[in-house]
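Structure assessment
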2 protein chains.
Amino acid sequence: MERLSKGEKTRSAILDAGVRVASRLGLEGLTIGSLAEASELSKSGLFAHFGSREELQLAVLERGREKFAEVVIKPALKQPRGVARLRAMFENWLDWTESAELPGGCPMLGAAIEFDDQPGPLRDAVARLQREWMESLARTVRGALEQGELRADTDVEQLVFECFGIALVAHHHRRLFGDRKAHQRALDVHEQLIARHRTAAPRQPAAR
Amino acid sequence: MERLSKGEKTRSAILDAGVRVASRLGLEGLTIGSLAEASELSKSGLFAHFGSREELQLAVLERGREKFAEVVIKPALKQPRGVARLRAMFENWLDWTESAELPGGCPMLGAAIEFDDQPGPLRDAVARLQREWMESLARTVRGALEQGELRADTDVEQLVFECFGIALVAHHHRRLFGDRKAHQRALDVHEQLIARHRTAAPRQPAAR
């Protein structure tokens, strides 16, 4: 960050504000106008950075992706390959959807509902980011398989599907009902999901 | 339906169109204007039925609730109390979210995301309807417990939570990725969820 020019710094601050607006009002609610209000920048100043509303929305999605990588994926990659990393990915994901920086929940999950039936660049971007994340989870599960920590007959795609469902319901219950138990329940259910696929004792990688 | 007056029939047809608009554009996208366009009724005609946009939105939510009861709950109640009914509830729910009458997916799940951070009558109505449905599911699970088909140590709230997660991820994958395998995967995962809680052999209710 320290090497950014003034213009880049401004753009970065605008995008951070954009992610917060998208979390609260949805990507649909993210307009040059609503962002001007939230960021205290002038509309004309914002237009100088983003030529169109769609360009702004796409840039905010991309900024969300960067933040997600920073907050969810990178710290999890510090955990050893295997179940520990899978657990960290899931926990960080839950934390992300509840973080103070996202006052209205995960903007990606919101955008998935908003744009699922509106063909175009935004829908494509949302679908691509969500697939990317599913692929990261799948890679993590395969890592745990290769470490011999999960049973060889584990259906990777199904495990990721179930994982995704747990995160979605936790997000739904927390956001709609203000259910504070949803977080712990999600962690418990995820732990049970892992336990069902654990090998009795981890094998040595060399033994495979 | 045959006993409805002309005015009631018109209102009912308007609300059906409103449910379809809400499915496609979200409850946020449901306005007197967008409904006039979809239903080929005049704006002034619609205003005669609904004094305000919020009144229209609330009436459409209520209509969605009636349709849900008709399509999901009532047919399931024809199944015997127990696992068969739980299975029917879940299958009908999945079918509902994919039905041709809901071109943009389940309007309740959409509304849950739209209104989760907008306090007011709409958010309250959405939360109430979703809680009502969760309570129906919980009642169905307790029925299966009382029939001795599920183990006595079954955590009813957790089972409903997991059930909800499976439906949410199926909806998400189907809507966003056009994933046609999501339906069968959801049924399989739900069946495994039930299997984990099944008693070895159903007990006689009298034995409890």
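1. Quick notes on the overall build of chain A
For chain A, the helix and strand inventory stands at nine helices and zero strands. Across chain A, helices and strands are ordered from the amino to the carboxyl terminus as α-α-α-α-α-α-α-α-α. Overall, the C-alpha framework of chain A stretches about 65 × 40 × 30 Å when taken along its three principal axes. Taking all 208 residues of chain A together, 40% fall into the buried category. Put simply, of all contacts in chain A between residues at least 6 apart along the chain, 61% involve residues at least 24 apart.

2. Points about the relation of the copies chain A and chain B
Once chain A is rotated about the relating axis by 180 degrees and shifted along it by 0.0 Å, it coincides with chain B to within an RMSD of 0.0 Å. These values place the two chain copies in the arrangement generated by a two-fold rotation axis. Judged by C-alpha distance, Gly 165 of chain A is the residue of chain A that lies nearest the rotation axis, at 2.1 Å.

3. Observations concerning helix α9 (residues 182-197) of chain B
Here α9 of chain B contains 16 residues, and its C-alpha end-to-end distance of 23 Å stays within 8% of the 22 Å for a straight helix at 1.5 Å per residue. Next to the buried residues of α9 of chain B lie α8 (156-177) of chain A together with α5 (83-97) and α8 (156-177) of chain B.

4. Points about the confidence of the model for chain A
In the predicted model, chain A carries a mean pLDDT of 90, and the fraction of residues at 70 or more is 95%. If you check the scores for this complex, the pTM reads 0.91 and the ipTM reads 0.90.

5. Brief notes about the interface of chain A and chain B
At the interface, 28 residues of chain A touch 28 residues of chain B. The element best represented in the side of chain A that touches chain B is α8 of chain A, accounting for twelve residues. Residue composition of the side of chain A that touches chain B, grouped by class: twelve nonpolar, eight polar and eight charged.

6. Things to note about the nonpolar core
Ala 167 of chain A together with Ala 167 of chain B are the most contacted members of the largest nonpolar core, which totals 110 residues. For Ala 167 of chain B, the contacting residues outside a window of four places in its chain are Trp 93, Leu 94 and Ala 186 of chain B.

7. Brief notes about the packing of helix α5 (residues 83-97) of chain A against helix α9 (residues 182-197) of chain A
All names here are of chain A. For the pair α5 and α9, interaxial distance at closest approach is 11 Å and the crossing angle is 155 degrees. In this view, α5 runs roughly antiparallel relative to α9, as classed from their interaxial angle. α5 and α9 meet at a crossing whose hand is right-handed. Contacts between α5 and α9 pair Val 83, Leu 86, Phe 90, Glu 91 and Leu 94 from the former with His 183, Ala 186, Leu 187, His 190 and Ile 194 from the latter. Residues belonging to the contact of α5 with α9 are distributed by class as follows: seven nonpolar, two polar and one charged.

8. Comments concerning the environment of Ala 17 of chain A
Residues and elements named next belong to chain A. The topology assignment puts Ala 17 in helix α1 (residues 6-25). In the structure, Ala 17 is positioned 22 residues away from Ser 39 in sequence and 6.2 Å away in space, judged by C-alpha atoms. For Ala 17, the contacting residues outside a window of four places in its chain are Leu 35, Ala 38 and Ser 39.

9. A short note on the packing of helix α6 (residues 107-115) of chain A against helix α7 (residues 121-146) of chain A
When two helices pack together, their arrangement is given by the angle between the helix axes and the distance between those axes. All names here are of chain A. It is the contact of α6 with α7, at a shortest axis distance of 10 Å, that shows an interaxial angle of 135 degrees. As judged from the angle between their axes, α6 and α7 are oblique. Taken as a pair, α6 and α7 cross one another with a handedness that is left-handed. On α7, the residues touching Met 108, Ala 111, Ala 112 and Phe 115 of α6 are Leu 122, Arg 123, Val 126, Leu 129 and Gln 130. A class-by-class count of the residues in the contact of α6 with α7 yields seven nonpolar, one polar and one charged.

Criteria and thresholds
Residues numbered from 1 in each chain as written. Chains lettered and ligands numbered in written order. Predicted model: local features only at pLDDT ≥ 70, side-chain atom pairs only at ≥ 80, totals over all residues. Helix = DSSP H or I, 4+ residues; strand = E, 2+ residues; numbered from the N terminus. Buried ≥ 20, exposed ≤ 12 C-beta atoms within 10 Å, placed from the backbone. Contact = placed C-beta atoms within 7 Å. Least-squares fit on C-alpha atoms with pLDDT ≥ 70 in both. Expected span 1.5 Å × (residues − 1). pLDDT = per-residue confidence, 0-100. Nonpolar A, V, L, I, M, F, W, Y, C, P; charged D, E, K, R; others polar. Core = buried A, V, L, I, M, F, W, Y, C linked by C-beta atoms within 7 Å. Axes fitted to C-alpha atoms, helices over the stretch in contact; angles between N-to-C directions. Parallel < 35°, antiparallel > 145°, perpendicular 65-115°, else oblique. Left-handed = near helix turned anticlockwise from the far one by under 90°.

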